[in-house]
Amino acid sequence: MKMSIEEIKNILRDCGVVGAGGAGFPTYAKFAAGADTLILNCAECEPLLTLHRQLLAQKSYEIISTFSEIGKALGVKKCVIGIKSAYVSTLDAITPIVKNFDNVEIKTLKEVYPAGDEIVLIYEVTGRVVAAGALPISQGVIVSNVETIYNAHMAIHENVPVTEKLVTVTCEVRKPQTVKVPLGTTVAELIDYCGGATVENPVFVSGGAMMGKIVSGGDVVTKTTNAILVLPAEHPVVKSKQRNPVFDSHRAASACCQCRMCTELCPRHLLGHPIDPSRFMRAVSNRNMSDTEAYLNAQYCSGCGVCETYSCMQGLSPRVLLSVAKNALKAGGIKPEPHEPSQAHPARSARFVPVERLTARLGLNKYNFATPISGYMKVKSVRLPLSMHIGAPSVAVVNEGDYVKKGQMVAKANNGLSVAIHSPIDGKVKFAGKEIIIQDCDL
Ligand code: SF4
Ligand code: SF4
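Residues numbered from 1 in each chain as written. Chains lettered and ligands numbered in written order. Predicted model: local features only at pLDDT ≥ 70, side-chain atom pairs only at ≥ 80, totals over all residues. Heavy atoms only, no water.

### Remarks on the site of ligand 1
- Around ligand 1 sit Cys-256, Cys-257, Gln-258, Cys-259, Arg-260, Cys-262, Ser-278, Met-281, Cys-312, Gln-314, Leu-316 and Pro-318, and those are all the residues in its vicinity.
- By residue class, the composition of the shell around ligand 1 is eight nonpolar, three polar and one charged. (Near = heavy atom within 4 Å. Nonpolar A, V, L, I, M, F, W, Y, C, P; charged D, E, K, R; others polar.)

So this is what it looks like as structure tokens:
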């Protein structure tokens, strides 16, 4: 029976479906009225990450049929799978299946970074530029990634809530692979499951070399954990994430030659957004606070890291300093103002960043090996943060000492933007507070 979009949204909220990766925006809230195009994001542009293309190849029918169904319920004209032409085996798997759905088509993309940035992807698929500070829906577009739509399929058709996350574990680890992990598992347990680190001083980078962050072994897998890169402490990717903004601002003053390469290659600047990292670096270098626009426009930086890892020949990091400015503006209550829709730069197509060259620049070529979806982890306990998504934290509905089954709701959606959280294991609740639920397995 055909479901209405409101019925689908209620199921997604109750089953805890959020963007699987990125910031974890609740999926039901994305499915707003006014869209004419739904995009399935299979660009997966962070070096070494292969989770989405593998999942789409393995679960093609489930994902594409649910994608088509949601598109029909939303009333959009087109459902487009945005996938790189380099993902040949996934394209081979999905091409015959797509033919069964009259509202679904494939758009192939170049092997460049950051093709998976929503705003970049929307331009590549539709030719429309989402204005700086505006949401994709302003251009009639909704984007969801592959694992999110797979989770939606499980919720809508199997009545299975989100209790696990696929995580790619790679680099300096004995058995690199992509594992299905119960939410709330510690990073240390996950690394152990993958055979342990192969270096003495491992540092764990969660989410990818470009936009990820350093986490500790005690941090847990959440609904947005895509990957854990295990790297030696002296690796350039680790060093780039440990930069000191004060030291960086002094380096900028002495070494920024105003070549403008950071601006010329900035993916958001190339879409006409007002972000201008070289102007910002000039203002920072000269301690010039009168160029207020340079600072205010920091809000339109996506944090993609192209300026830091690829553009700047002086080893400077506009990204780090821009993020300091962004955080200061946010703390001061200054929000990004939506701009008028802009035009893409005429030379944009000559300024792409090839993923192959980016991977080499990052010093990751030696880790470019297969990470097949292969394992399923079992754990003895889990720690579930109640803020795994954007919006209000979920509210615990269990108490210390309660026994819960796998899949049972342990925290309900809060008022406003929020989703529910479900138990990843059968077991006993050890602690239930406002920020976290801790459970032990009953085995
Ligand atoms: S690329 Fe580096 S040196 Fe050139 S303007 Fe940007 S920060 Fe300065
Ligand atoms: S991180 Fe650098 S390249 Fe990326 S959007 Fe910000 S300024 Fe542009």
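Once the structure has been displayed, the description carries forward.
### Points about the pattern of salt bridges
- Under the counting rule described, the total for this entry stands at 18 salt bridges.
- Two residues, Glu-118 and Lys-30, come together in a salt bridge whose shortest N-O distance is 2.8 Å. A residue pair is termed long-range when its members are at least 10 positions apart, and Glu-118 in helix H6 (residues 118-126) and Lys-30 in helix H2 (residues 27-30) qualify at 88 residues.
- For Glu-118, a relative accessible area of 26% translates into the label partly exposed.
- Judged by its relative accessible area of 23%, Lys-30 is partly exposed.
- Across the salt bridge formed by Glu-293 and Arg-279, the nearest N and O atoms sit 3.5 Å from each other. (Salt bridge = Lys/Arg side-chain N within 4 Å of Asp/Glu carboxyl O. Helix = DSSP H or I, 4+ residues; strand = E, 2+ residues; numbered from the N terminus. Buried < 20%, exposed > 50% of the residue type's maximum accessible area, 1.4 Å probe, protein only.)

### Brief notes about the nonpolar core
- In terms of nonpolar packing, the biggest core is built from 71 residues, with Leu-56 and Ile-81 touching the most fellow members.
- Look past the residues within four positions of Ile-81 in its chain and what remains in contact with it is Leu-40, Leu-56, Ile-64, Phe-67, Ile-94, Val-98, Val-104, Glu-105, Ile-106 and Lys-107.
- By size, the runner-up hydrophobic cluster in this structure holds 22 residues, among which are Ala-209, Leu-265, Leu-358 and Leu-362. (Core = buried A, V, L, I, M, F, W, Y, C linked by side-chain atoms within 4.5 Å. Contact = heavy atoms within 4.5 Å.)

### A word on the site of ligand 2
- Around ligand 2, the structure places 13 residues, and the nearest of them are Cys-266, Cys-301, Cys-304, Gly-305 and Cys-307.
- When contributions to the shell around ligand 2 are tallied by element, the ones reaching two or more residues are helix H14 (306-311) and helix H15 (318-331).
- Looking at the shell around ligand 2 residue by residue, the class counts come to nine nonpolar, three polar and one charged.

### Regarding the sheet that holds strand S3 (residues 104-109)
- Spatial strand order, S3-S2-S1-S5: four strands in an open sheet with parallel pairing. A strand with exactly one partner marks an edge of an open sheet, and here the two such strands are S3 and strand S5 (141-145). With direction set aside, neighbouring strand axes in the sheet form an average angle of 25 degrees.
- Judged from the six bridges that link them, strand S1 (residues 37-42) and strand S2 (residues 78-84) form a sheet pairing that is parallel. Its bridge partner being in S2, Ile-39 is matched across the sheet by Val-80.
- Along the sheet, H6 makes contact with S1, S2, S3 and S5, crossing S1 at roughly 120 degrees.
- The sheet strands contacting helix H7 (residues 146-158) are S1 and S5, and the helix crosses S5 at an angle near 85 degrees. (Pairing = 2+ DSSP bridges. Axes fitted to C-alpha atoms, helices over the stretch in contact; angles between N-to-C directions.)

### Some points on the side chain of Thr-225
- By the element assignment, Thr-225 lies in the loop between strand S9 (213-215) and strand S10 (227-232).
- Relative accessible area serves as the criterion here: at 7%, Thr-225 is assigned to the buried category.
- At 2.9 Å, the side chain of Thr-225 and the backbone nitrogen of Thr-222 are in polar contact.
- Aside from chain neighbours lying at most four places away, what touches Thr-225 is Lys-165, Leu-166, Val-167, Ser-206 and Val-220. (Polar contact = N/O pair within 3.5 Å; in protein donor to acceptor, adjacent residues only side chain to side chain.)

### Brief notes about the environment of His-389
- Examined against the element boundaries, His-389 turns out to sit in the loop between strand S13 (381-385) and strand S14 (395-396).
- When the C-alpha positions of His-389 and Val-160 are compared, they lie 18 Å apart, and in sequence the two are 229 residues distant.
- Ignoring anything within four residues of it in the chain, the contact list for His-389 reads Val-18, Ala-23, Gly-24, Ser-394, Ser-418 and Val-419.
- A polar contact of 2.8 Å, which involves the side chain of His-389, links it to the backbone oxygen of Ala-392.

### Observations regarding the packing of aromatic side chains
- Inspection of the entire model under this criterion finds three aromatic pairs.
- Taken together, a centroid distance of 5.9 Å and an interplanar angle of 45 degrees make the contact between Tyr-61 and Phe-101 tilted. Taken together, the positions of Tyr-61 in helix H4 (residues 60-74) and Phe-101 in the loop between helix H5 (88-98) and S3 put the pair 40 residues apart, joining distant regions of the chain.
- For the pair Phe-280 and Tyr-295, a centre-to-centre distance of 5.7 Å together with 75 degrees between the ring planes defines the contact as edge-to-face. With a gap of 15 residues between them, Phe-280 in helix H12 (residues 277-285) and Tyr-295 in helix H13 (residues 292-296) connect regions that are remote in the sequence.
- Residue class for Phe-280 comes out buried when judged on its relative accessible area of 2%.
- When the ring centre of Tyr-87 is taken as origin, the NZ or CZ atom of Arg-53, which lies over that ring, is 3.8 Å away. (Phe/Tyr/Trp six-rings, centres within 6.5 Å; stacked < 30°, edge-to-face > 60°. Lys NZ or Arg CZ within 6 Å of the ring centre and 35° of its normal.)

### Topic: the domain arrangement of the chain
- Considered domain by domain, the chain is made up of domain 1 (5-158), domain 2 (163-235 + 363-379), domain 3 (245-354) and domain 4 (380-443).
- The C-alpha centroid of domain 4 is placed 40 Å from the C-alpha centroid of domain 3. (Domains from an automatic or database assignment.)

### Quick word on the pairing of S3
- Note: S2 against S3, six bridges, orientation parallel. Considered in S3, the bridge of Ile-83 is made with Thr-108.
- Crossover connection from S2 via H5 to parallel S3: handedness right-handed. (Right-handed = clockwise from strand over helix to strand, strands pointing away.)

### Structural notes on the sheet that holds strand S7 (residues 177-182)
- Across the sheet, six strands lie side by side as S9-S8-S10-S6-S7-S12; this open sheet has mixed pairing. Edge positions in the sheet fall to S9 and strand S12 (373-376), since each of these pairs with one other strand and no more. Each strand axis lies, on average, 35 degrees off the axis of its neighbour in the sheet, ignoring direction.
- Direction of pairing for strand S6 (residues 164-171) relative to S10: parallel, over a ladder of four bridges. Bridge pairing links Cys-171 to Val-230 in S10.
- The strands touched by helix H3 (residues 51-58) are S6, S7 and S12; relative to S6, the strand with the most contacts, the crossing angle is about 130 degrees.

### A few points about the pairing of strand S8 (residues 202-206)
- Counting buried residues in S8 gives four out of five residues, a clear majority hidden from the surface.
- Sheet topology note: the S8/S10 ladder contains five bridges and is antiparallel. Across the sheet, the residue bridging to Val-203 is Leu-231, located in S10.
- Summarising the sheet, S8 and S9 pair through three bridges and their orientation is antiparallel. Across the sheet, the residue bridging to Val-205 is Ile-214, located in S9.

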